[in-house]
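One-letter residues, chain by chain:
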Amino acid sequence: MMLAAPSPPGRSIICRLVLALTVGVVMAWALGRIVTDRFAWSQWLFWIPTPVVLALCALVLLASLLVRNRVWRKRLLPAGALGASASLLWFLGIEHRFVFSE
């Protein structure tokens, strides 16, 4: 059985940054949807476009499939999948009423 070679330190830093960016953007977007634009501080969060969040999460999902390190794949894949599914449901169900109708 062959052991995998350790990943270079730069790759680990990039994976951490991608994970932090994805989680941060998805949390900011979700907080904006919860609080809406009632307050001056929350207007910027509410105005984050859902397709941008969806595209970012889709790119993270794609990147997680390309990462060879299984530890980072286990960290990136759930973050991308959760963000992509939440933003896709919101986009199709609430914003465009494809899934949920009144």
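Residues numbered from 1 in each chain as written. Predicted model: local features only at pLDDT ≥ 70, side-chain atom pairs only at ≥ 80, totals over all residues. Heavy atoms only, no water.

Asker: So what's going on with the packing of aromatic side chains? Residues and values would help.
Answerer: What the rule picks out here adds up to three aromatic pairs. Aromatic pair Phe 39 and Trp 41: ring centres 6.1 Å apart, planes at 5°, arrangement stacked. Taking NZ or CZ as reference, Arg 33 lies 4.9 Å from the ring centre of Phe 46, over its face. (Phe/Tyr/Trp six-rings, centres within 6.5 Å; stacked < 30°, edge-to-face > 60°. Lys NZ or Arg CZ within 6 Å of the ring centre and 35° of its normal.)

Asker: Can you lay out the environment of Arg 38 for me, pointing to particular residues and giving the numbers?
Answerer: For Arg 38, the location among the structural elements is in the loop between helix H1 (9-35) and helix H2 (40-46). A distance of 3.4 Å separates the side chain of Arg 38 from the backbone oxygen of Val 35, its partner in a polar contact. In terms of polar contacts, Arg 38 uses its side chain to reach the side chain of Thr 36, at 3.5 Å. (Helix = DSSP H or I, 4+ residues; strand = E, 2+ residues; numbered from the N terminus. Polar contact = N/O pair within 3.5 Å; in protein donor to acceptor, adjacent residues only side chain to side chain.)

Asker: Go over helix H3 (residues 50-66), please, and point to the residues and values.
Answerer: With 17 residues, H3 ought to run about 24 Å at 1.5 Å a step, and its terminal C-alpha atoms sit 25 Å apart, in line with that. Of all the positions in H3, only Thr 50, Val 53, Leu 56, Cys 57, Val 60 and Ser 64 are classed as buried. An end-on view of H3 places all buried positions within 125° of arc, on one side of the element. Across H3 from its buried face, at more than 90 degrees, point the exposed residues Leu 59, Leu 65 and Leu 66. (Expected span 1.5 Å × (residues − 1). Buried < 20%, exposed > 50% of the residue type's maximum accessible area, 1.4 Å probe, protein only. Arc of directions from axis to C-beta.)

Asker: Would you mind going over the side chain of Ser 87 in detail, with residue names and values included?
Answerer: Here Ser 87 lies in helix H4 (residues 70-95). There is a polar contact of 2.8 Å between the side chain of Ser 87 and the backbone oxygen of Gly 83. Once residues within four sequence positions are removed from consideration, Ser 87 is found in contact with Trp 29, Thr 50, Val 53 and Leu 54. (Contact = heavy atoms within 4.5 Å.)

Asker: Explain H4 residue by residue, including any values.
Answerer: Helix length check: H4, at 26 residues, gives a terminal C-alpha distance of 36 Å against a target of 38 Å (1.5 Å per residue), a fit within 8%. Residues Trp 72, Leu 76, Ala 79, Gly 80, Gly 83, Ala 84, Ser 87 and Gly 93 constitute the buried set of H4.

Asker: Just give me the short version of the side chain of Arg 33, but keep the residues and values in it.
Answerer: Relative to the helices and strands, Arg 33 is located in helix H1. This buried residue, Arg 33, is left without a salt bridge; Glu 95 holds the nearest opposite charge, at 4.1 Å. At a separation of 3.4 Å, a polar atom in the side chain of Arg 33 contacts the side chain of Thr 50. Sequence-distant contacts of Arg 33, that is, excluding residues within four places in its chain, are made with Phe 46, Ile 48, Thr 50, Trp 90 and Glu 95. (Lys, Arg positive; Asp, Glu negative; His and termini not counted. Salt bridge = Lys/Arg side-chain N within 4 Å of Asp/Glu carboxyl O.)

Asker: Help me get a handle on the nonpolar core, residues and values and all.
Answerer: In this structure, Cys 15, Leu 19, Val 60, Val 67, Trp 72, Leu 76 and Ala 79 together form the largest nonpolar core, which totals seven residues. Every element with two or more residues in this core is listed here: H1 and H4. The element that contributes the greatest number of residues to this core is H4, accounting for three residues. The next biggest cluster of nonpolar side chains, apart from the first, holds five residues, and it includes Val 26, Trp 29, Val 53 and Ala 84. (Core = buried A, V, L, I, M, F, W, Y, C linked by side-chain atoms within 4.5 Å.)

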